[in-house]
Amino acid sequence: MKPFAYVRATSLREAADAYAAHPGSRYLAGGTNLVDLMKLGVETPTALIDISRLPLDGITELPDGGLHIGATVRNSDLAADPRVRARYPLLARALLAGASGQLRNVATTGGNLLQRTRCGYFQDPSKPCNKREPGSGCAAREGIHRDHAVLGQSEHCIATHPSDMAVALAALDAEVELYGGPDSTRTVEAAHFHRLPADHPEQDTVIRPGEIITGVRLPAPVPGARSLHRKARDRTSYAFALASVAVVLDLDPEDGRVRRCALAFGGLAPRPWRATETEARLTGAEPHPDTVRAAVDAELDRARPLRDNAYKIPLARNLACAAIATLAGTRPGAPATP
């Protein structure tokens, strides 16, 4: 057991000041990932700064018709909120697919975004891992990598990000709010909040040292647009995605062509992967199965699988094509709640 300090913050400023006073500290909310990593010896913070009692646990209306989700809103509360279920069924479905009920009752919105990879080599301090110890190597490349990335990986890291919620937020054009001090606040697009590994796999996100996630902003849903989340996994209960898709589709009611398509993949990359090539090819086109498949393939052609994870490419293709076909064939007035 490594000793660490504990600070219960009563304000955002107090939390930020405590972080500055304790180099190497971590913020604590639900702790469902951080505490596990501390038990494994992967995370060894000098201090835990408890922000769970800060007033960040509300879901409020925005003037434009969107929603603001506080950083400490529990995943179960977010999935059950009637406004989320009615306006953003994609998000509710992703949350319900994300973990066991017990974990959803504790896990928070901010913590969900900040959870670390579930790569076995990352979680085992006896094995080399560039994400845990830069320069030590990536054991997964030549080892067990069935669950690992086929898009956006680098020679230094091939892990995937585990969050289902983050994939949904990327497809919904959400924004993440960050607080770094009274004069340092900013928002980052959810689709660009997580980093690709490149030469620095230890940097999971664009968050700066000491910054705190205070909330997530969801833009108003596009009238008439439909959304869907699909996930393939080894078992139904508490399993991470082998591949998943989050799709928002808006069709022109006159000619049935795609006015807008947002598609994000999960389980394929070190971050939620926004499929911009597919989106561009589908915009203005008829959602014919052959057209959709060609558009999806244009994105997945970028994949660079290794020995044991090539199966993810056809799996992701089938999930995306089936989801888009379902949305394109859905009656306009059909229930949108999961």
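Residues numbered from 1 in each chain as written. Predicted model: local features only at pLDDT ≥ 70, side-chain atom pairs only at ≥ 80, totals over all residues. Heavy atoms only, no water.

Draft legend 1. Inspection of the overall build of the chain at higher detail. Scanning the chain from N- to C-terminus turns up eleven helices and twelve strands. What you see for the chain is a C-alpha radius of gyration of 20 Å, in line with the 20 Å of a compact globule of 338 residues. Considered along the principal axes of its C-alpha atoms, the chain spans approximately 65 × 50 × 35 Å. Here the chain holds 338 residues, and 50% of them are scored as buried. Partitioning the intrachain contacts of the chain with sequence separation of at least 6 by distance along the chain shows that 62% fall at a separation of at least 24. (Helix = DSSP H or I, 4+ residues; strand = E, 2+ residues; numbered from the N terminus. Rg over C-alpha atoms; globule rule 2.2 N^0.38 Å. Buried < 20%, exposed > 50% of the residue type's maximum accessible area, 1.4 Å probe, protein only. Contact = heavy atoms within 4.5 Å.)

Draft legend 2. Local environment of helix 11 (residues 312–328). Taking 1.5 Å of rise per residue, 17 residues should cover 24 Å, and helix 11 covers 24 Å from first to last C-alpha, within 8% of that figure. All of the buried residues along helix 11 are Lys-312, Ile-313, Ala-316, Arg-317, Leu-319, Ala-320, Cys-321, Ala-323, Ile-324 and Leu-327. (Expected span 1.5 Å × (residues − 1).)

Draft legend 3. Representation of the pairing of strand 6 (residues 175–181) within the structure. Most of strand 6 is tucked away: five of the seven residues are buried. In this structure, the hairpin formed by strand 6 and strand 7 (residues 184–189) is closed by a connection of two residues. Judged from the five bridges that link them, strand 6 and strand 8 (residues 212–218) form a sheet pairing that is antiparallel. Within strand 8, the position partnered with Glu-175 by the bridge is Arg-217. (Pairing = 2+ DSSP bridges.)

Draft legend 4. The sheet that holds strand 11 (residues 258–266), seen in detail. Judged by pairing direction, the sheet is antiparallel, and its four strands sit side by side in the order 9-10-11-12 without closing on themselves. The open sheet has two edge strands with one neighbour each: strand 9 (226–232) and strand 12 (273–274). Bridge count between strand 11 and strand 12: two bridges; the pairing is antiparallel. Residue pairing for strand 12: Phe-265 is matched across the bridge by Trp-273. The sheet strands contacting helix 11 are strand 9, strand 10 (243–251) and strand 11, and the helix crosses strand 10 at an angle near 30 degrees. (Axes fitted to C-alpha atoms, helices over the stretch in contact; angles between N-to-C directions.)

Draft legend 5. Inspection of the pairing of strand 9 at higher detail. Counting buried positions along strand 9 yields six of seven residues, so the element is predominantly enclosed. With seven bridges joining them, strand 9 and strand 10 adopt antiparallel strand pairing. When the bridges of strand 10 are listed, Lys-231 appears paired with Ser-244.

Draft legend 6. View of the packing of helix 10 (residues 289–300) against helix 11. Two elements in contact, helix 10 and helix 11, have axes separated by 10 Å at closest approach and are oriented at 140 degrees. Taken together, the axes of helix 10 and helix 11 are oblique relative to one another. Of the two elements, helix 10 crosses helix 11, and the hand of that crossing is right-handed. Contact with helix 10, carried on its side by Val-292, Arg-293, Val-296, Asp-297 and Leu-300, involves Ile-313, Ala-316, Arg-317, Ala-320, Cys-321 and Ile-324 of helix 11 and no other residues of that element. Tallied by class, residues from the contact of helix 10 with helix 11 come to eight nonpolar, no polar and three charged. (Parallel < 35°, antiparallel > 145°, perpendicular 65-115°, else oblique. Left-handed = near helix turned anticlockwise from the far one by under 90°. Nonpolar A, V, L, I, M, F, W, Y, C, P; charged D, E, K, R; others polar.)

Draft legend 7. Quick peek at the environment of Ala-171. Of note, Ala-171 is situated in helix 8 (residues 164–171). Residue Ala-171 is classed as buried on the basis of its relative accessible area of 1%. Sequence separation between Ala-171 and His-229 is 58 residues; the distance between their C-alpha atoms is 10.0 Å. Once you skip the residues sitting within four places of it in the chain, Ala-171 turns out to touch Leu-90, Ala-246, Val-248, Arg-260, Ala-262, Ala-264 and Arg-274.

Draft legend 8. Representation of the packing of helix 5 (residues 89–96) against helix 8 in the model. Interhelical geometry of helix 5 versus helix 8 gives an angle of 165 degrees and a closest axis separation of 8 Å. For the element pair helix 5 / helix 8, the angle class is roughly antiparallel. Note on packing geometry: the crossing formed by helix 5 with helix 8 is right-handed. Touching Leu-90, Leu-91, Ala-94 and Leu-95 of helix 5 are Asp-164, Met-165, Ala-168, Leu-169 and Ala-171, all from helix 8. Within the contact of helix 5 with helix 8, the residues separate by chemical class into eight nonpolar, no polar and one charged.

Draft legend 9. Structural context of the pattern of salt bridges. This structure, assessed with the given rule, holds 25 salt bridges. Ionic pairing is found between Arg-217 and Glu-177, a salt bridge with its closest N-O pair at 2.6 Å. Of the two residues, Arg-217 sits in strand 8 while Glu-177 sits in strand 6, which places them 40 residues apart along the sequence. We note a salt bridge from Arg-307 to Asp-308, for which the minimum N-O separation is 3.0 Å. Taking the relative accessible area as the measure of exposure, Arg-307 reaches 53% and is therefore exposed. Salt bridges sharing common partners tie together Arg-26, Glu-43, Arg-116, Lys-131 and Asp-204. (Salt bridge = Lys/Arg side-chain N within 4 Å of Asp/Glu carboxyl O.)

Draft legend 10. Structural detail: unusual backbone geometry. In this model, Asp-173 sits at a positive phi of 60 degrees, which is unusual for a non-glycine residue. Judged by relative accessible area, which is 37%, Asp-173 ranks as partly exposed.

Draft legend 11. Examining the environment of Leu-113 more closely. Its place among the elements puts Leu-113 in helix 7 (residues 109–114). Beyond its immediate chain neighbours, meaning those up to four positions away, Leu-113 contacts His-161, Met-165, Ala-166, Leu-169, Val-176, Phe-193, His-194, Ile-213 and Val-216.

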